[in-house]
Amino acid sequence: MSSRRNNPLARASGTASAARTPWAWALCGALAGAVPTLVVFAPAQWLASGVAQASGQRVLLTGVRGTVWTGSGQLVLTGGHASQDQAALPGRIGWRLRPAWGGLRAQIDAACCTPAPLQLQARARWNGAHITVADGQSHWPAAVLAGLGTPWNTLQPQGQLALETRGLQMDWAAGRMVLQGQAQLDALSMSSRLSTLRPMGSYRLTLQGGAAPTLGLQTLQGALQLSGSGQWVGQRLRFTGEASAAPEREGALSNLLNIIGRRQGARSLISLG
């Protein structure tokens, strides 16, 4: 003990250590205060980067403002990495994220398309996640699909897409998705640059959840007749259908029928998966 008191180097080391201690505590305190502040005020660009990465650059948020938790931006659909195709939703969309028990609640509002904000809740689960979509309705311009690239950039669809969800829930576990509930998409007064006929018709896609989710296509009205059905087998959709034209409109719809599927006389056969 006496040797330490008589050792100038030991005394200097102890003094320096004591001097550093308040600074160390101050630094820890600053970090403890900065981390929550950084989380609360995380810039909206962080969310935009996450959306782009998760979608393979097919969904972009540009011109973002605000924070991860409350912000707005313009929604842009693209054909993915290195694609020249893109189309923006008119106006801006806004979002509001809030922590919820075991996850997050999200509210999405687009002045052009959502009469009431879309609401969903996401919860983390072991090796996966659960998402619940509140029942709701929205209307979207079909023209924005052209941004996704082939085949939409060729079809250049025009019309209105009316989406309705009922009891829709999605579970991801070990890379597998289980779907419950129903989603209905009505494609209304549709037209394409491949046909002079405007509009060609209106159509309904119905997604029904269950042990093996199904997809159905039917014509509501119009000269272009579309029908088909499909089912998810594992993670792959197998869909078969056909397209045909009213006899007096075959000439106006011939080019489109050649693109939609494999021609067989007056019909065009559709096959996916």
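Residue indices follow the written sequence of each chain, beginning from 1 at its first position. With the structure being a predicted model, the display of local features is reserved for residues of pLDDT at least 70 and the display and counting of side-chain atom pairs for 80 or more, all residues being used for whole-chain, interface and lining totals. Computation of side-chain values: all heavy atoms of the structure, hydrogens and water removed.

A.B. asks: Mind showing me how you'd approach the overall build of the protein chain here?
C.D. replies: Starting at the N terminus, helices and strands are each numbered in turn, a helix being any DSSP run of H or I of at least four residues and a strand any DSSP run of E of at least two. When helices and strands are tallied, the protein chain shows 5 helices and 16 strands. Counting all 273 residues of the protein chain, 32% fall into the buried class. If you sum the accessible surface of the protein chain, you get close to 16200 Å²; carbon and sulfur atoms cover 59% of it. Accessible area is worked out with a 1.4 Å probe on protein chains only. A residue is then buried under 20% of its type maximum, exposed over 50%, and partly exposed in between. For every accessible area listed, the method is Shrake-Rupley and the probe measures 1.4 Å; residues are considered covered only by the protein chains on display.

A.B. asks: I would appreciate a short explanation of the state of the cysteines in the present structure.
C.D. replies: As used here, a disulfide is simply a covalent bond connecting the sulfur atoms of two cysteines. Throughout, a disulfide means two cysteine sulfur atoms within 2.5 Å of one another. Per the stated rule, a full pass over the model turns up 1 disulfide. Bridging Cys112 to Cys113, the disulfide has an S-S length of 2.2 Å. One disulfide, between Cys112 and Cys113, carries an S-S torsion of -85° and so falls in the left-handed class. On the basis of relative accessibility, which here comes to 34%, the residue Cys112 falls in the partly exposed class.

A.B. asks: What exactly am I supposed to notice about the confidence of the model for the protein chain here?
C.D. replies: Any segment with low pLDDT has predicted coordinates that should not be analysed in fine detail. The pLDDT score gives, residue by residue, the confidence of the prediction method on a 0 to 100 scale. Averaged over every residue, the pLDDT of the protein chain is 86; the share at 70 or more is 85%. Whether two residues are in contact is decided by their heavy atoms: any pair within 4.5 Å suffices. Below pLDDT 50 for its whole length, residues 1-5 participates in 4 contacts with residues either more than four positions away or in separate chains.

A.B. asks: Would you explain the nonpolar core in this entry?
C.D. replies: In globular proteins that are soluble, nonpolar side chains generally tend to be buried together. Note on terminology: a nonpolar core comprises buried Ala, Val, Leu, Ile, Met, Phe, Trp, Tyr and Cys residues joined through side-chain atoms within 4.5 Å. Membership of the largest hydrophobic core comes to 28 residues, with the highest contact counts inside it found for Met200, Tyr203, Leu224 and Leu253. Elements with a contribution of two residues or more to this core: strand S9 (158-173), strand S10 (176-191), strand S11 (201-210), strand S12 (214-222), strand S13 (224-233), strand S14 (236-245) and helix H5 (250-260). If we skip the residues at most four places from it in the chain, Leu253 touches Ser195, Leu197, Met200, Ala223, Leu224 and Ala245. Formed by 13 residues, the second largest nonpolar core is a distinct cluster that contains Ala42, Val68, Leu89 and Ala106.

A.B. asks: What is the right way to look at the layout of surface pockets in this model?
C.D. replies: Using a probe with the size of a water molecule, rolled over the atoms, empty space left in the structure can be pinpointed. Estimates place the volume of the second largest pocket at around 160 Å³. Contributing to the lining of the second largest pocket are Arg96, Arg98, Arg105, Ala106, Gln107, Gln119, Leu120, Gln121, Thr132, Val133 and Ala134. Elements represented by at least two residues in the lining of the second largest pocket include exactly strand S4 (93-100), strand S5 (103-110), strand S6 (118-125) and strand S7 (128-133). Each residue is assigned to one of three groups, with Ala, Val, Leu, Ile, Met, Phe, Trp, Tyr, Cys and Pro labelled nonpolar, Asp, Glu, Lys and Arg labelled charged, and all others, Gly among them, labelled polar. Taken together, the residues of the lining of the second largest pocket sort by class into 4 nonpolar, 4 polar and 3 charged. Note on definitions: the grid is 1 Å and covers protein atoms alone; a cavity is a set of points where a 1.4 Å probe fits but cannot get out; a pocket is an open set with protein on both sides within 12 Å along at least five of seven lines; lining residues have an atom within 4 Å of a point. Grid points are joined across faces, edges and corners, and a volume is the space filled by probe spheres set on the points.

A.B. asks: Please explain helix H3 (residues 44-54) as it appears in this structure.
C.D. replies: In an α-helix, one turn spans 3.6 residues, which is why side chains three or four residues apart end up on the same side. All of the buried residues in H3 are Ala44, Ala48 and Ala52. Relative to the axis of H3, the buried residues are bounded by an arc of 75° and lie together on one face. Those residues of H3 that are exposed and angled more than 90 degrees off the buried face are Gln53 and Ala54. Contacts from the buried residues of H3 go to strand S1 (59-66) and S4. What the arc measures is the spread of directions leading from the helix axis to the C-beta atoms.

A.B. asks: Would you mind showing me how to read the side chain of Gln182 here?
C.D. replies: Counting through the fold element by element, Gln182 comes out in strand S10. Looking at Gln182, its side chain comes within polar contact range of the side chain of Gln208, at 2.8 Å. Beyond its immediate sequence surroundings of up to four residues, Gln182 is in contact with Glu164, Thr165, Arg166, Leu168, Thr206, Leu207 and Gln208. Under the rule applied, a polar contact is a pair of N or O atoms within 3.5 Å (in protein, one hydrogen donor and one hydrogen acceptor; residues adjacent in sequence only if both atoms are side-chain atoms).

A.B. asks: Got a minute to help me understand the pairing of S11 in this structure?
C.D. replies: A regular strand places its side chains on the two faces of the sheet in alternate fashion. The criterion for strand pairing is that DSSP finds at least two bridges linking the strands in question. As defined by bridge partners, S10 adjoins S11 across 8 bridges and the pair is classed as antiparallel. From the neighbouring strand, Gln182 faces S11, where its bridge partner is Gln208. Relative to S12, S11 is paired through 8 bridges, and the arrangement is antiparallel. Across the sheet, residue Leu205 finds its bridge partner in S12, namely Leu217. Turn length for the S11-S12 hairpin, with the two strands adjacent in sequence and antiparallel, is 3 residues.

A.B. asks: When you look at the environment of Gly73 in this model, what are you seeing that I'm missing?
C.D. replies: Along the polypeptide, Gly73 turns up in strand S2 (residues 70-78). With relative accessibility at 0%, the residue Gly73 sits in the buried group. C-alpha separation for the pair Gly73 and Gly94, spaced 21 residues apart in sequence, amounts to 6.6 Å. Apart from the residues lying within four places of it in its own chain, the contact partners of Gly73 are Thr62, Gly63, Val64, Arg92, Ile93 and Trp95.

A.B. asks: Would you explain the environment of Arg166 in this entry?
C.D. replies: With respect to the helices and strands, the residue Arg166 is situated in strand S9. Residues Arg166 and Val133, spaced 33 residues apart in sequence, show a C-alpha to C-alpha distance of 8.2 Å. Discounting residues that sit within four places of it in the chain, Arg166 has contacts with Asp135, Gly181, Gln182 and Gln184. Side chain to side chain, Arg166 and Glu164 meet in a polar contact 2.8 Å long.

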